[in-house]
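# Understanding the architecture of this molecule
Each chain, written out:
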Protein chains: 2
Amino acid sequence: MKISEVSRATGVPLSTVKMYLREGLLQPGEKSQPNQATYGPEHVQRVRLVNGLIRVGGLSVAAAQEVIAAIDSDQPLVQTFGVAQRAATTKHSRESVEDEDLATVDAVTAGWLSNPQGPGRYAAAAAVGAFEAAGQRNGADWYQRLANAAMLVAEADLDLIDTRSGREEKAETVVLGTVLGDALFSGLRRAAQEHVSNTRYVTPGSAPRHAPTGYDARPGTNERT
Amino acid sequence: MKISEVSRATGVPLSTVKMYLREGLLQPGEKSQPNQATYGPEHVQRVRLVNGLIRVGGLSVAAAQEVIAAIDSDQPLVQTFGVAQRAATTKHSRESVEDEDLATVDAVTAGWLSNPQGPGRYAAAAAVGAFEAAGQRNGADWYQRLANAAMLVAEADLDLIDTRSGREEKAETVVLGTVLGDALFSGLRRAAQEHVSNTRYVTPGSAPRHAPTGYDARPGTNERT
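Residue indices begin from 1 for each chain and proceed along its sequence in written order. Both sets of labels track the order of writing: A upward for chains, 1 upward for ligands. Local features in this predicted model are restricted to residues of pLDDT 70 or higher, and side-chain atom pairs are both shown and tallied only at a pLDDT of 80 or more, whereas totals for entire chains, interfaces and linings draw on every residue. Where side-chain values are given, they derive from all heavy atoms of the structure, hydrogens and water being excluded.

### Description of the overall build of chain A
Put simply, the test is: To qualify as a helix, a DSSP run of H or I must reach at least 4 residues; to qualify as a strand, a run of E must reach at least 2; elements of each kind are numbered from the N terminus. Each residue is placed in one exposure class: buried if its accessible area under a 1.4 Å probe, protein chains only, is under 20% of its type's maximum, exposed if it is over 50%, and partly exposed if it falls in between. Only heavy atoms enter the contact rule, under which two residues are in contact if any of them lie within 4.5 Å. Values of accessible area rely on a 1.4 Å probe in the Shrake-Rupley scheme; residue burial ignores everything except the protein chains shown.
Secondary structure assignment for chain A yields nine helices and two strands. Evaluated residue by residue, chain A yields a buried proportion of 51% over its 225 residues. A fraction of 57% describes how many contacts in chain A between residues 6 or more apart in sequence connect residues 24 or more apart. Carbon and sulfur atoms provide 50% of the accessible area of chain A, an area that totals close to 10300 Å².

Structural data, given as structure tokens:
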């Protein structure tokens, strides 16, 4: 197909597709005539992927280039994970986090085979520091329960990757899951918070203001099964 | 204390503290002389809170004003939650999400007492749509496991709020937990992904590149207990 058809198939504007090509984010088509190239389904998929990283995931072109290079390389998946994590995480370094906040994170992730210089450990410690600076003492129990839930999510994430066949498909899932997966979990967490707070704080007999149709305010009748 | 002492006690620059005062984010001090006011520990705490929302949490001044007004009001905590969630969530509306993506979210959150117009449901549906647009079919199992983990996190979040005494302290925890809690979970999830991928993908006998001290690559020896 022609490049204009790649644009039509993906819904991504032609000028954007050409920019992806120019920036090395989209592999070149096969030259069919001196001034024309032919593209296939692999180009359509790549445009969808790059668009997801940049337009939805908010990666810069430079970060997307790193991530795409990691997908196209033959480095082990663990390294591709690292590249995607660094591209999708606000930069924190050892110097920008406090010892005691790192200690809080290390205590609830004891035994994990994580990279001590990894973006996850520093990002978590920076968040702990932000709570402390805002005058919130959160207690070890909350941190531990979040860490336990994070491990459940990570196991689900890796199981999803295992369902993909071939290194490239797996690497694509690693990258997109890292870049888009936070927004998904955050949305689900907010919906779950609504459920728990409606369950705990709403006086029996008075339905919450935006109760779903069929909501019944008698205690117990809408519990999760 | 004087306003300059509030600045020193919090580490927030004086000009920023004055801006918070001007924008109604910080309650006025008690007039002690025509041109001077006295501030107390409640002002110090408020400056820490506002700074956490704006500087670390990335809220706009307008969003922070809404959130602070919700803390200072006497509306039920469920409503304060809603205000904080809307302030801290990328805006998505019914029109910006696809029916089938909403259906995916609704299927894995069936029975939840969540607000059908809530920011969580739309944000999750928008993320599902982003995966689909990027050419990823994720399967119901992954979504369901993420939803289950989100419920565990939400229960921990609400238990944390229950440890606070008084409406204002609870409301502060609601607000900061919503605004900073995503970054914390995201960091823990990345660290957990490193653990699971090191456990699954690293060939026994070869330690991961950045293995923590004491790492032993024989299978089973570093498992989480």
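Structure's up, so let's keep going.
### Overview of the side chain of Asn198 of chain B
To keep it simple, the criterion reads: For the purposes of these results, a polar contact is taken to be a pair of N or O atoms within 3.5 Å, where, inside protein, one atom must be able to donate a hydrogen and its partner to accept one; residues adjacent in sequence count only when each atom of the pair is a side-chain atom.
Its place among the elements puts Asn198 of chain B in helix α9 (residues 167–201). Polar side-chain contacts of Asn198 of chain B include one of 2.7 Å to the backbone oxygen of Leu113 of chain A.

### Some points on the interface of chain A and chain B
For clarity, the threshold we go by: Two parts placed together each lose some accessible area; with a 1.4 Å probe, that loss summed over both constitutes the buried area. Whenever Lys or Arg places a side-chain nitrogen within 4 Å of a carboxyl oxygen from Asp or Glu, that contact is recorded as a salt bridge. Only Asp, Glu, Lys and Arg are considered charged, only Ala, Val, Leu, Ile, Met, Phe, Trp, Tyr, Cys and Pro nonpolar, and every remaining residue, Gly among them, polar.
The partner chain B presents 90 residues to the 91 residues of chain A that form the contact. Carbon and sulfur atoms supply 61% of the area that chain A and chain B bury against each other, a total of about 8700 Å² over both sides. At the boundary of chain A and chain B, one finds twelve salt bridges. The partner of Arg200 of chain A in a salt bridge is Asp159 of chain B, and the shortest N-O contact between them spans 2.8 Å. One can count 42 residue pairs in polar contact (both at pLDDT 80 or more) joining chain A with chain B. It is helix α9 (residues 167–201) of chain A that contributes the most residues to the side of chain A that touches chain B, 27 residues altogether. Residue composition of the side of chain A that touches chain B, grouped by class: 45 nonpolar, 29 polar and 17 charged.

### Brief notes about empty space enclosed by the protein
Rule in force here: Buriedness of a pocket was judged along seven lines, with at least five required to meet protein on both sides within 12 Å; pockets are open sets of points on a 1 Å grid over the protein atoms alone, cavities are sets where a 1.4 Å probe fits but cannot get out, and lining residues have an atom within 4 Å of a point. Grid points are joined across faces, edges and corners, and a volume is the space filled by probe spheres set on the points.
Summed over all chains, the structure comprises two cavities of 30 Å³ or more. Taken as a whole, the largest cavity spans an internal volume of roughly 70 Å³. Residue lining of the largest cavity: Trp142, Arg189 and Gln193 of chain A together with Phe81, Asp157, Leu160, Ile161, Thr173, Val174, Gly177 and Thr178 of chain B, and that is the complete set. Where the lining of the largest cavity is concerned, the elements lending two or more residues are α9 of chain A together with α8 (139–162) and α9 of chain B. If one sorts the elements of the lining of the largest cavity by residue count, α9 of chain B sits on top with four residues. A class-by-class count of the residues in the lining of the largest cavity yields five nonpolar, four polar and two charged. By volume, the second largest cavity is sized at about 60 Å³. Together, Phe81, Asp157, Leu160, Ile161, Thr173, Val174, Gly177 and Thr178 of chain A together with Trp142 and Gln193 of chain B line the second largest cavity. For the lining of the second largest cavity, the secondary structure elements donating two or more residues are α8 (140–162) and α9 of chain A.

### A word on the packing of aromatic side chains
Keep this limit in mind: Two aromatic rings, drawn from Phe, Tyr or Trp (for Trp, its six-membered ring), form a pair once their centres lie within 6.5 Å of each other, and the interplanar angle then sorts them: stacked below 30 degrees, edge-to-face above 60, tilted otherwise.
On inspection of all chains with the given rule, the structure shows five aromatic pairs over all chains. Taken together, a centroid distance of 5.4 Å and an interplanar angle of 55 degrees make the contact between Trp142 of chain A and Tyr143 of chain A tilted.

### A few points about the relation of the copies chain A and chain B
Counted only if it meets this: A least-squares superposition brings the copies together, and it is based on the C-alpha atoms of residues with pLDDT no lower than 70 in both.
For the pair chain A and chain B, the superposition axis carries a translation of 0.0 Å, the fit reaches an RMSD of 0.0 Å, and the rotation angle comes to 180 degrees. The transformation just described matches what one would write down for a two-fold rotation axis. Rotation axis and chain A: the residue whose C-alpha lies nearest the axis is Ala149 of chain A, separated from it by 2.7 Å. Taken together, the interface assignments show that 99% of the residues at the interface of chain A recur at the interface of chain B, consistent with an identical surface on both copies.

### Points about the environment of Ala69 of chain A
Residue and element names in this part refer to chain A. Within the secondary structure, Ala69 is located in helix α4 (residues 61–72). On the accessibility criterion, Ala69 (46% relative accessible area) is partly exposed. It is 9.1 Å that separates the C-alpha atoms of Ala69 and Gly24, two residues lying 45 residues apart in sequence.

### Quick word on helix α6 (residues 99–108) of chain B
Residue and element names in this part refer to chain B. What counts, and what does not: Arc, as used here, means the arc of the directions from the helix axis to the C-beta atoms.
Restricting attention to buried positions, one finds in α6 the residues Asp101, Leu102, Val105 and Val108. An end-on view of α6 places all buried positions within 135 degrees of arc, on one side of the element. Looking at α6, the residues exposed on the side facing more than 90 degrees away from the buried face are Asp99, Glu100 and Ala107.

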